[in-house]
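Descriptive structure summary
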Amino acid sequence: MRIVDGVGANGEFKIATPELAPGQYEITLSHDPNFPGGDADLYVRKNVAPSFDDFDCRPFIDGSDESCEITLTVPTRLHLMVHGYAQEWNQFQLSVEQK
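Summary of the structure given here. (Residues numbered from 1 in each chain as written. Predicted model: local features only at pLDDT ≥ 70, side-chain atom pairs only at ≥ 80, totals over all residues. Heavy atoms only, no water.)

Here's the deal with the nonpolar core
Counting 18 residues, the largest nonpolar core has Ile 27, Val 44 and Leu 80 as the members making the most contacts within it. Secondary structure elements with two or more residues in this core: β4 (23-31), β5 (40-46), β6 (66-72), β7 (76-84) and β8 (90-98). The residues touching Val 44, leaving out its near neighbours within four places in the chain, are Ile 27, Pro 50, Phe 55, Asp 56, Cys 57, Cys 68, Ile 70, Leu 78, His 79 and Leu 80. (Core = buried A, V, L, I, M, F, W, Y, C linked by side-chain atoms within 4.5 Å. Buried < 20%, exposed > 50% of the residue type's maximum accessible area, 1.4 Å probe, protein only. Helix = DSSP H or I, 4+ residues; strand = E, 2+ residues; numbered from the N terminus. Contact = heavy atoms within 4.5 Å.)

Brief notes about the side chain of Glu 66
With respect to the helices and strands, the residue Glu 66 is situated in strand β6. Residue contacts for Glu 66: discarding those within four places in its chain leaves Ile 27, Thr 28, Leu 29, Ala 40, Asp 41, Leu 42, Arg 58, Pro 59 and Ile 61.

Topic: the packing of aromatic side chains
In this structure the tally under the stated criterion is four aromatic pairs. A ring pair is formed by Phe 13 and Phe 52, whose centres lie 5.9 Å apart and whose planes are at 40°; its orientation type is tilted. With Phe 13 in strand β2 (residues 13-16) and Phe 52 in the loop between β5 and β6, the pair connects residues that are 39 residues apart, well separated along the chain. Through successive ring pairs, a cluster of aromatic residues spans Phe 13, Tyr 43, Phe 52, Phe 55 and Phe 60. Above the plane of the ring of Tyr 43 lies Arg 58, whose end atom (NZ or CZ) is 4.8 Å from the centre. Between Arg 58 and the ring centre of Phe 60, over which it is positioned, the NZ or CZ distance is 4.2 Å. (Phe/Tyr/Trp six-rings, centres within 6.5 Å; stacked < 30°, edge-to-face > 60°. Lys NZ or Arg CZ within 6 Å of the ring centre and 35° of its normal.)

Structure, rendered in structure tokens:
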């Protein structure tokens, strides 16, 4: 399921908080194919909002193509944060798929 289509400048945040059933999930951040470039960073955390220092997954990859795999054993609110890192606009798509 697509969660967010976003645009952000350096230092801006986009946040989504889907409630998910138990299972294994892949969270994917990707460049918007119509507007390549930029560098947005993905942060994922269960039950509470992530920060730059506290997260369950943070890929640390250049560019906006990042993904995380998360396993949930009980229904959980997943907190997804995308942070615009590059100086130029970062256009991205964020999705969550159950495996």
